[in-house]
Protein chains: 2
Amino acid sequence: MGKQMTEMLKGTLEGIVLALLALGPAYGYEITARLRDQGFADIAEGTVYALLVRIEQRGLVDVEKVPSEKGPPRKVFTLNPQGREALDDFWSSWGFLADRLAHLKTEGGQ
Amino acid sequence: MGKQMTEMLKGTLEGIVLALLALGPAYGYEITARLRDQGFADIAEGTVYALLVRIEQRGLVDVEKVPSEKGPPRKVFTLNPQGREALDDFWSSWGFLADRLAHLKTEGGQ
DNA sequence: TACCACTACATAGTAACGCTGAATACTGGA
DNA sequence: TCCAGTATTCAGCGTTACTATGTAGTGGTA
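Below: a short report on this structure.

Cut-offs and rules
Residues numbered from 1 in each chain as written. Chains lettered and ligands numbered in written order. Predicted model: local features only at pLDDT ≥ 70, side-chain atom pairs only at ≥ 80, totals over all residues. Heavy atoms only, no water. Helix = DSSP H or I, 4+ residues; strand = E, 2+ residues; numbered from the N terminus. Contact = heavy atoms within 4.5 Å. Areas by Shrake-Rupley, 256 points an atom, 1.4 Å probe, with all protein chains shown as cover. Least-squares fit on C-alpha atoms with pLDDT ≥ 70 in both. Pairing = 2+ DSSP bridges. Salt bridge = Lys/Arg side-chain N within 4 Å of Asp/Glu carboxyl O. Buried < 20%, exposed > 50% of the residue type's maximum accessible area, 1.4 Å probe, protein only.

### Here we look at the overall build of chain A
Here comes step 1: Per the secondary structure count, chain A includes 5 helices and 3 strands.
Here comes step 2: Mapped from its N terminus to its C terminus, chain A presents α and β elements in the order α-α-β-α-α-β-β-α.
Here comes step 3: Put simply, of all contacts in chain A between residues at least 6 apart along the chain, 46% involve residues at least 24 apart.
Here comes step 4: Carbon and sulfur atoms make up 51% of the accessible area of chain A, which totals about 5,700 Å².

Right under this line is the structure:
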C-alpha cells in the first residue's frame, strides 16, 4: 500500500474495524481477512491486532476466548454500547470530512 | 477539534491543502484562513506551516517571497505539475477509501 | 519422527503526521 | 508606548500504522 494510503488510514482504520464489528462479532484473524476482501489488500496483521488491543483497552468491545479446531484459541470481539457510540462518532466525523472534500473536489475542477 | 478528527486528518489534510492550492496560489496565513472558512475551525497554524514545508521539500509547489503591507513578507505557494500529479494521486486514494466506507455504511445498517 | 502449511495472536522498534506552545518580526492605531 | 492583527518558524509530544519477528496449535505428508 502506498504511503499516502497509510497516512489516510490513520484514524479511519479504527472506524472501519468498528463498522465490521457492527455486522457481528469477529476475531482478529477473521477481521484481517475481511479487510482484504473489502479491498484493503495490504493491511498488516500486526496493525489489526494492535488496533484491537487499543479498542479493547478503551472498552469499546467485549472479549471472549473461544477454542478453535484449527489453531490457538480465538479472541472474539463484540461491539458493546460504548463501541456503538464510538462508531456513531466516527461516522459523524467521517461525514463531515467527506462532505468537505466532496465540495472541494467539485469546486477545484478535477 | 476532537482527537478523532485529528487522526482522520492525517494524510488528508495535505490533500485538502493541495486542493486549495489548485484553486490558485496562496500563502500560509491565507490557507489557514481558507481552511477555517471551509469548516476546519481548529486547525493549528503550526500544523499548516509544517505541512507547507513538507510539500515544498518534496517539490510539489513553487515558492515566491512577496512583500506584504501588513506584516512580514509572505511566502506564496503555487502548485506545480508535480503537485498536480500528487493531487490526482490523492483524489484517487481518497476515492477508493470513500467508496469502501460508503459501502460499509449502508451494509452496516446505520 | 520430522517437516511444513495454515491458523491465530502478540510485540518491539520505526516513521509520519498533526497538535501544543512559544518565539520572532512587521505594520498601524489607541 | 502598548496592543492587535498579520505572517512565519520551531522544538517537543502523542497517536497511529508498518516492519519484522516470535510464539503456539492443528493437521497432513513424506
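There is more to say, and it comes next.
### Concerning the relation of the copies chain B and chain A
Here comes step 1: Mapping chain B onto chain A calls for a rotation angle of 180° and an axial translation of 0.0 Å; the resulting RMSD is 0.1 Å. Given the turn and translation reported, the copies of this chain are related as if by a two-fold rotation axis. Proximity to the rotation axis, assessed at the C-alpha, singles out Lys10(B) in chain B; its C-alpha lies 3.2 Å from the axis.
Here comes step 2: Counting the interface residues of chain B, we find that 100% of their copies in chain A are interface residues as well, pointing to one common contact surface.

### Quick notes on the sheet that holds strand β3 (residues 74-79) of chain A
Residues and elements named next belong to chain A.
Here comes step 1: One open sheet accounts for 3 strands, arranged β1-β3-β2; its pairing is antiparallel. At either end of the open sheet lies a strand with only one pairing partner, and these are β1 (26-27) and β2 (61-66).
Here comes step 2: Of the strand pairs in this sheet, β1 and β3 are connected by 2 bridges, and their pairing is antiparallel. Looking across to β3, one finds that Ala 26 is bridged to Phe 77.

### Considerations on the sheet that holds strand β2 (residues 61-66) of chain B
Here comes step 1: Read from one edge of the open sheet, 3 strands run β1-β3-β2 (chain B), paired in antiparallel fashion. Here the strands that pair on one side only, and so sit at the sheet edges, are β1 (26-27) and β2 of chain B.

### Focus: the pattern of salt bridges
Here comes step 1: Counted according to the given criterion, the structure contains 10 salt bridges over all chains.
Here comes step 2: For Glu7(A), the salt bridge identified is with Lys10(A), shortest N-O distance 3.3 Å.
Here comes step 3: Put simply, Arg34(B) and Glu30(B) hold a salt bridge, and the shortest N to O gap is 3.3 Å. With Arg34(B) and Glu30(B) both in helix α3 (residues 28-37), this residue pair falls 4 residues apart, about one helical turn.
Here comes step 4: In this structure Arg34(B) comes out as partly exposed when scored by relative accessible area, which is 24%.

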